[in-house]
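Chain by chain, the residues:
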Amino acid sequence: MAAWALLALPALLAQAPAAAGGMFGFASSYGDHMVLQREPAGAVLWGHGEPGAVVTVTLSGAGGLVIMKKTAPVKGPSGTWTAVLDPMDQGGPYTLIAKQGSENVTLWDIYFGDVWLCSGQSNMAMTVLQVANASQELASAAHYPYVRVFAVAPTRSDVELEDLEQIALPWSIPTAKNLGHGNFTYFSAVCWLLGRSLYEALGIPVGLVEAAWGGTPIEAWSSRQALQACGLPEDTGSTSPHQHLSGPQTPSVLWNAMIHPLLHMALRGIAWYQGEANAFLHTDWYNCTFPALIADWRRAFHAGSAGQTEPLLPFGFVQLSTYRRESPDDSFARLRWHQTADLGVVPNARMPGTFMAVAMDLGDERSPYGRRVLGRGEGVGMKLLGTNPISFLFLGSIHPRDKQNVAHRLLLGARAVAYGDKDLVFQGPYPTRAILEVTRGLLNVTYSQELVCRQRDARAFEVCCSSKVSPCQWLPAPVVAVGSRTVTLALGGCGTLVLGLRYAWAEWPCEYQSCPLYNPQGLPAPPFLLDTLPTGSTDRERELLLLPGSRFS
């Protein structure tokens, strides 16, 4: 146990902060039991006060020992003050006192560690109560008193707010009750499981901030500047709500109300689980809107925290899981591709400092949360309608209960990208080379890592065999053999004209943890869409250059 942990338990019984008079106090995102960002960043504190007054902030340790004092003027007309603490090593507990004249506010049981923001739609909002092995996960909450949780209430605004209007869960020590408050309320299972795993791996306090709302498109989470960078009109989605989406669709309303008020917070990283809504709304804009959101959030958090949040803030995300079994729609497949900015893997040139958890192999047909039929949108506990067989086509769920594997895959990416563990394998194998055996009608695809074949699905690989750019005639390319790093595909009726290659291009590409290809660490090969260009040939072989593709159909 870390030395700081030995001092902690008495502080857990500390009283709530004294009530402040008037408008003076800390902003809504601060409170007892919170975690502030540790070194090398300096934690940022801010709050409200009387314009023209001076606020003194005192950080004290055990026995009331004063660690540091900072003063900050209250600026008008906003009536806000901001103080940046000197960088602090991990640990606690500490006490923070803000004083303005005769008024003071005290926050107790404060720790320094790493702070992660978790945002997105309903798969991020799914609580620990809803996941596989929920009772066991909830019972273990008491073992993690140094992982602290905070949840922003779902709120929208037409203008950027300075402070949060509503809080679902103030900074809290985890309990079975606050981790499993209800369905799609608080606390986020993906966020909790990631934070818990980070604590186990790093041995430092972790602060988790949830800001999620189900059925919401990326446009609602994007600032106006980010949307303008992609050429999207400011009123997109606001006049004709999409039938599949249950949450706010108006551009920027969630950025305004749920993200903008957090910008002063110094962060260590962001975890994002969103995209299902955009499989039905502006799908093919996502290769711009998602990288634009990442770049804009990084800029805004860096500026809002007075430079304490690093400019290339680590940003992890979950690639979409599944929705409807046997659906012919390729919108989920396109969205997965767009989540990588059409480059297949991350980090990449358009998305530096990012990491991705592939989840297409974690489908959960029996999940009771939002079971789906054709034409129904993202909701909670939707019932199957009628007895006509057509109502049961494409049965599935958009809310898989296995969030443990999701969090584990995010953890690997976080350790590698955010914490610099360069020896850690955090993503699955990806194609690097292809050679066409002309006389035998075979395509040998070489991968970046050792391969483990779990399933020989005749439909997993497809080749584009048309001489026209669009439409593309995609034909199955069955797996003939799997070597250490090479997959051999039979081209069948394609002959020698191969213009494209794609893998797992389906809404429900495989059964649970049974996609065709994994690496020895158990990470699935991600889906891809590649153009194939001949670069050299002999009478028997033709080497194909693999480039990110755009032939969707």
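See the structure shown above.
Residues numbered from 1 in each chain as written. Predicted model: local features only at pLDDT ≥ 70, side-chain atom pairs only at ≥ 80, totals over all residues. Heavy atoms only, no water.

## Some details on the packing of helix H4 (residues 189–202) against helix H10 (residues 403–418)
And step 1. As a packed pair, H4 and H10 sit with axes 9 Å apart at the nearest point and diverge in direction by 50 degrees. Comparing their axes, H10 and H4 come out oblique. Regarding H4 and H10, the two cross each other, and that crossing is right-handed. Along its contact with H4, which presents Ala189, Val190, Leu193, Leu194, Ser197, Leu198 and Ala201, the element H10 presents Lys403, Gln404, Val406, Ala407, Leu410, Leu411, Ala414 and Arg415.
And step 2. Its residues assigned to classes, the contact of H4 with H10 shows 11 nonpolar, two polar and two charged. (Axes fitted to C-alpha atoms, helices over the stretch in contact; angles between N-to-C directions. Helix = DSSP H or I, 4+ residues; strand = E, 2+ residues; numbered from the N terminus. Parallel < 35°, antiparallel > 145°, perpendicular 65-115°, else oblique. Left-handed = near helix turned anticlockwise from the far one by under 90°. Contact = heavy atoms within 4.5 Å. Nonpolar A, V, L, I, M, F, W, Y, C, P; charged D, E, K, R; others polar.)

## Here we look at H4
And step 1. Helix length check: H4, at 14 residues, gives a terminal C-alpha distance of 20 Å against a target of 20 Å (1.5 Å per residue), a fit within 8%.
And step 2. When H4 is considered as a whole, its buried residues turn out to be Ala189, Val190, Cys191, Trp192, Leu193, Leu194, Gly195, Arg196, Ser197, Leu198 and Tyr199.
And step 3. Sitting at the head of H4, serine 188 places a side-chain oxygen 3.1 Å from the backbone nitrogen of cysteine 191. (Expected span 1.5 Å × (residues − 1). Buried < 20%, exposed > 50% of the residue type's maximum accessible area, 1.4 Å probe, protein only. Polar contact = N/O pair within 3.5 Å; in protein donor to acceptor, adjacent residues only side chain to side chain.)

## So, the sheet that holds strand S22 (residues 479–482)
And step 1. In spatial order, the strands read S21-S20-S24-S26-S27-S17-S18-S23-S22; together these nine strands make up an open sheet with antiparallel pairing. Across the chains shown, the open sheet's two edge strands, defined by having one partner strand only, are strand S21 (474–476) and S22. Ignoring which end each strand starts from, the neighbouring axes of this sheet average 30 degrees apart. (Pairing = 2+ DSSP bridges.)

## As for the packing of aromatic side chains
And step 1. Summed over all chains, the structure comprises 25 aromatic pairs.
And step 2. Each ring, one from tyrosine 430 and one from phenylalanine 528, has its centre 5.8 Å from the other, and the planes form 75 degrees; the classification is edge-to-face. Taken as a pair, tyrosine 430 in the loop between H10 and strand S17 (431–437) and phenylalanine 528 in strand S26 (residues 528–537) lie far apart in primary sequence, 98 residues in all. Residue tyrosine 430 shares its accessibility class with phenylalanine 528, and that shared class is buried.
And step 3. Considering the side-chain rings of phenylalanine 461 and phenylalanine 528, the 6.4 Å spacing of their centres and the 55 degrees angle between planes classify their relative orientation as tilted. Of this pair, phenylalanine 461 sits in strand S20 (residues 461–464) while phenylalanine 528 sits in strand S26, and the two are 67 residues apart along the sequence.
And step 4. When its relative accessible area of 1% is taken as the criterion, phenylalanine 461 is described as buried.
And step 5. The side chain of arginine 268 reaches across the aromatic face of tyrosine 419, ending 4.7 Å from its centre.
And step 6. In this arrangement the basic side chain of arginine 454 is found over the ring face of tyrosine 518, its NZ or CZ atom lying 3.6 Å from the centre. (Phe/Tyr/Trp six-rings, centres within 6.5 Å; stacked < 30°, edge-to-face > 60°. Lys NZ or Arg CZ within 6 Å of the ring centre and 35° of its normal.)

## Overview of the side chain of glutamate 137
And step 1. Tracing the chain through its elements places glutamate 137 in helix H2 (residues 134–139).
And step 2. Relative accessible area serves as the criterion here: at 8%, glutamate 137 is assigned to the buried category.
And step 3. Not counting chain neighbours up to four residues away, the residues in contact with glutamate 137 comprise Val128, Val131, Ala132, Leu193, Arg196 and Gln404.

## Details of the environment of serine 222
And step 1. With respect to the helices, strands and loops of the structure, serine 222 is situated in the loop between helix H5 (218–221) and helix H6 (224–229).
And step 2. The exposure class assigned to serine 222 is buried, which follows from its relative accessible area of 1%.
And step 3. In this structure the C-alpha to C-alpha distance between serine 222 and leucine 293, which are 71 residues apart in sequence, comes to 5.8 Å.
And step 4. In this view, serine 222 contacts Leu227, Ser252, Trp255 and Leu293; residues no more than four positions away in its chain are not counted.

## Here we look at the layout of surface pockets
Where empty space is left can be seen by rolling a probe of water-molecule size over the atoms.
And step 1. Approximately 550 Å³ is the volume found for the largest pocket.
And step 2. In terms of lining, the largest pocket is formed by 24 residues, of which the most central are Glu326, Arg459, Ala506, Trp508 and Pro509. (1 Å grid on protein atoms, 1.4 Å probe; cavity = no way out; pocket = protein on both sides within 12 Å on 5 of 7 lines; lining within 4 Å. Points joined across faces, edges and corners; volume = space filled by probe spheres on them.)

## Topic: the pairing of strand S8 (residues 103–120)
And step 1. With respect to burial, S8 is a largely interior element, 15 of its 18 residues being buried.
And step 2. Examined bridge by bridge, strand S2 (residues 35–37) and S8 share three bridges and lie parallel to one another. Bridged to valine 35 within S8 is tyrosine 111.
And step 3. As defined by bridge partners, strand S7 (residues 91–100) adjoins S8 across seven bridges and the pair is classed as antiparallel. Along S8, the bridge assignment pairs leucine 96 with leucine 107.
And step 4. Counted between consecutive antiparallel strands, the loop separating S7 from S8 contains two residues, among which glycine 101 sits at a positive phi close to 60 degrees.
And step 5. Pairing analysis gives seven bridges linking S8 to strand S11 (residues 206–212), with the strands arranged parallel. By the bridge assignment, leucine 117 is partnered in S11 with valine 209.
And step 6. Pairing of S8 with strand S12 (residues 269–273), which is carried by five bridges, proceeds in the parallel orientation. Considered in S12, the bridge of tryptophan 116 is made with glycine 269.

## Quick word on empty space enclosed by the protein
And step 1. What the rule picks out here adds up to three cavities of 30 Å³ or more.
And step 2. What the largest cavity holds in volume is close to 120 Å³.
And step 3. Along the walls of the largest cavity sit 16 residues, with Tyr30, Leu36, Val44, Met265 and Ala266 positioned nearest its centre.
And step 4. At the level of elements, S2 and strand S3 (44–48) are the ones that each hand at least two residues to the lining of the largest cavity.
And step 5. No other element matches the three residues that S2 contributes to the lining of the largest cavity.
And step 6. Of the residues contributing to the lining of the largest cavity, the split by class is 13 nonpolar, three polar and no charged.
And step 7. Its boundaries defined by the atoms lining it, the second largest cavity holds a volume of some 100 Å³.
And step 8. Residue composition of the lining of the second largest cavity, grouped by class: nine nonpolar, two polar and one charged.

## A look at the nonpolar core
And step 1. By size, the foremost hydrophobic cluster in this structure holds 160 residues, and its most contacted members are Trp81, Trp297 and Phe461.
And step 2. Of the residues forming this core, the biggest block, nine residues, is contributed by S8.
And step 3. Leaving out residues up to four positions away in the same chain, tryptophan 297 has contacts with Leu117, Ser119, Trp221, Trp255, Ile259, Ile270, Trp272 and Phe315. (Core = buried A, V, L, I, M, F, W, Y, C linked by side-chain atoms within 4.5 Å.)

## Observations regarding unusual backbone geometry
And step 1. Omega for the peptide link from glycine 76 to proline 77 comes to 0 degrees, which places this bond in the cis form.
And step 2. Mapped onto the secondary structure, proline 77 falls in the loop between strand S5 (66–73) and strand S6 (80–84).
And step 3. With omega at 10 degrees, the peptide bond leading from tyrosine 186 into phenylalanine 187 counts as cis.
And step 4. Relative to the helices and strands, phenylalanine 187 is located in the loop between helix H3 (176–179) and H4.
And step 5. Of note in the backbone geometry, serine 252 takes a positive phi value of approximately 75 degrees without being a glycine.
And step 6. Phi is positive for glutamate 326, close to 60 degrees, though the residue is something other than glycine.
And step 7. Examined against the element boundaries, glutamate 326 turns out to sit in the loop between strand S13 (315–318) and helix H9 (331–338).
And step 8. Judged by relative accessible area, which is 52%, glutamate 326 ranks as exposed.

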